[in-house]
Amino acid sequence: MANIRHPIVDVHTHVYLPRYAAELRARTSAPRILNWTNGAKTEERLLILEGEPSGGRPIGPQYWDRDEKLEFMRRHGINISFVSSANPWLDFLPADRAQTLAHELNNDLEEYCATSPPAEGLSGLKTLYGFGLLPLVPDVEVSTIIQTIEHLKTLPHIRGIIMGTKGVGKGLDDNALDPVWHAIQAARLVVFIHPHYGVDSSAFGENDNGHVLPLALGFPFETTIAVTRLILSGVLDRFPDLRLLLAHSGGALPQLSSRLASCIQHDPIVANRLKHDARYYLGQLYFDAVAYGSEELTFVTRTISRASAFKSGGGTADSLAGSTRLLFGTDHPFFPPLEASQKWPSVENNLEAIRRMVGVNSKPEQQANILGLNALRLFDLHDQVYT
Ligand code: URA
Ligand code: ZN
């Protein structure tokens, strides 16, 4: 088959590996998988947070069976997926268990990817690659985290690391993480920053709105706060080659970045701390395109594009320059259709949003970048196919 010039690559797609699902089944408090009986029907449900609305959500093989992932990809024309463990990763475990499980799950994910079918029309590539896990929990030795990064470097199909927002307990702006950022940068692993905790649920009132508020607002607000703190702590100044991919298009960070810059300029504690205007750092980050709307993606792209103007010390930014940092994703297997359908609206909406972005809608080459080529470049796989 001829080379596919415009592959579709999914950078935001999850799995609960069988070993991880077994860990959750053995638990008696959240996060856990439990049997739930409703009349004559018993099903497994996933409870990821204590007090979660509606007793959690149904969970089944789509979360762990690789054939279901491959069938989902086939159905939506996705050529390659970069699969990550779903939240809450190892956050809830004691340090020694987190270390052991990180090692085992990283080997499991390597096997899951290494034995996947070849990507059709993309010579030398597999259909599946992965983001590994680090034992990021309180009381872990930093040297243990570094050892896990060394292990990940030996796994050829693991191209990055997924992490939440807690770090080793104090957040991603904790100076204790500097050796970790250093090691990740040196290893050229892409860090996928993904939310789990949301924000204080008392902000969401007493009406039963299912999972809507924690997912639509809590998740992206959590990412916004975590990444803003990371910027304020100077991590992006100290590690400018770190490649961070933000879930859900960076939450509210693009929308709030000028306000952030202004607040910094007016604050004597922070004003002289950073090397650049806060908006500059958006050009150092990567954003998934999981925003479901073309206007939002157009806006995110423009705010990333503006960062290059700060880089060059002013001037007008090419409004599409930022599109090289936007990458298609699905969030599979979350957000399945409520009624049986061949194609998932969550996926179709994200594909359509990319194709309709202002400026991008008339430029197939820009669409191809966002849909797949940006990902192949970010994960250092582009040259392997297109030389
Ligand atoms: N819900 C989750 O818990 N995780 C996701 O990634 C998406 C929805
Ligand atoms: Zn996700």
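Residues numbered from 1 in each chain as written. Chains lettered and ligands numbered in written order. Predicted model: local features only at pLDDT ≥ 70, side-chain atom pairs only at ≥ 80, totals over all residues. Heavy atoms only, no water.

The protein chain is annotated in an unreviewed UniProt entry as Unplaced genomic scaffold CY34scaffold_63, whole genome shotgun sequence from Suillus luteus UH-Slu-Lm8-n1. Here is the UniProt Sequence similarities (unreviewed entry) comment for the protein chain, exactly as written: "Belongs to the metallo-dependent hydrolases superfamily." (UniProt positions renumbered as here; feature names shortened; annotations may be inferred.)

*Asks:* I would appreciate a short explanation of the overall build of the protein chain in the present structure.
*Replies:* Broken down by element type, the protein chain carries 12 helices and 11 strands. The C-alpha atoms of the protein chain give a radius of gyration of 20 Å, which matches the 21 Å a tight globule of 387 residues would have. A principal-axis box enclosing the C-alpha atoms of the protein chain has dimensions of 65 × 55 × 45 Å. The buried share of the protein chain, taken over its 387 residues, is 56%. Sequence-distant contacts, at least 24 apart, represent 73% of the contacts inside the protein chain between residues at least 6 apart. With an accessible surface of roughly 16700 Å², the protein chain has 52% of that area assigned to carbon and sulfur atoms. If the 35 positive side-chain charges of the protein chain are averaged to one point and the 42 negative ones to another, these points end up 5 Å apart. (Helix = DSSP H or I, 4+ residues; strand = E, 2+ residues; numbered from the N terminus. Rg over C-alpha atoms; globule rule 2.2 N^0.38 Å. Buried < 20%, exposed > 50% of the residue type's maximum accessible area, 1.4 Å probe, protein only. Contact = heavy atoms within 4.5 Å. Areas by Shrake-Rupley, 256 points an atom, 1.4 Å probe, with all protein chains shown as cover. Lys, Arg positive; Asp, Glu negative; His and termini not counted. Charge placed at Lys NZ, Arg CZ, Asp CG, Glu CD.)

*Asks:* Explanation requested: the sheet that holds strand β8 (residues 190-193) in the structure shown.
*Replies:* Picture the strands of a sheet paired through backbone hydrogen bonds; they go either parallel or antiparallel. Here we have eight strands laid out as an open sheet, ordered β1-β5-β6-β7-β8-β9-β10-β11, and parallel in their pairing. One side of each edge strand has no neighbouring strand; the edge strands of this open sheet are β1 (9-15) and β11 (326-327). Relative to β11, strand β10 (residues 285-288) runs parallel, the two sharing two bridges. Its bridge partner lying in β11, Asp 288 is registered against Leu 327. (Pairing = 2+ DSSP bridges.)

*Asks:* Explanation requested: helix α8 (residues 253-265) in the structure shown.
*Replies:* An α-helical segment advances 3.6 residues per turn. Residues three or four places apart therefore align on the same side. Compared with the 18 Å implied by 1.5 Å per residue over 13 residues, the 17 Å span of α8 between its first and last C-alpha is a close match. The sharpest bend along α8 comes to roughly 30°, located at Arg 259. Residues of α8 that are buried include every one of Leu 253, Pro 254, Ser 257, Leu 260, Ala 261 and Ile 264, and no others. Of the surrounding secondary structure, the elements contacted by the buried residues of α8 are α6 (212-232), β9 (244-246), β10 and α9 (294-311). (Expected span 1.5 Å × (residues − 1). Bend = angle between axes of the 7 residues up to and from the residue.)

*Asks:* How should I be thinking about the pattern of salt bridges in this particular structure?
*Replies:* When charged atoms on two side chains of opposite charge get close, those side chains can pair. Per the stated rule, a full pass over the model turns up 16 salt bridges. Arg 19 is paired through a salt bridge with Glu 104; the nearest N and O atoms lie 3.3 Å apart. Here Glu 104 lies in helix α3 (residues 95-114) and Arg 19 lies in helix α1 (residues 18-25), a separation of 85 residues in the sequence. A relative accessible area of 26% places Glu 104 in the partly exposed class. (Salt bridge = Lys/Arg side-chain N within 4 Å of Asp/Glu carboxyl O.)

*Asks:* Sorry if this is basic, but what is going on with the sheet that holds strand β4 (residues 57-58) here?
*Replies:* Ordered by their spatial adjacency, three strands build an open sheet running β2-β3-β4, and the pairing between neighbours is antiparallel. Of all the strands in the sheet, the pair left with one neighbour each is β2 (32-38) and β4. As defined by bridge partners, β2 adjoins strand β3 (residues 41-47) across seven bridges and the pair is classed as antiparallel. Bridging from a neighbouring strand, Trp 36 pairs with Glu 43 of β3.

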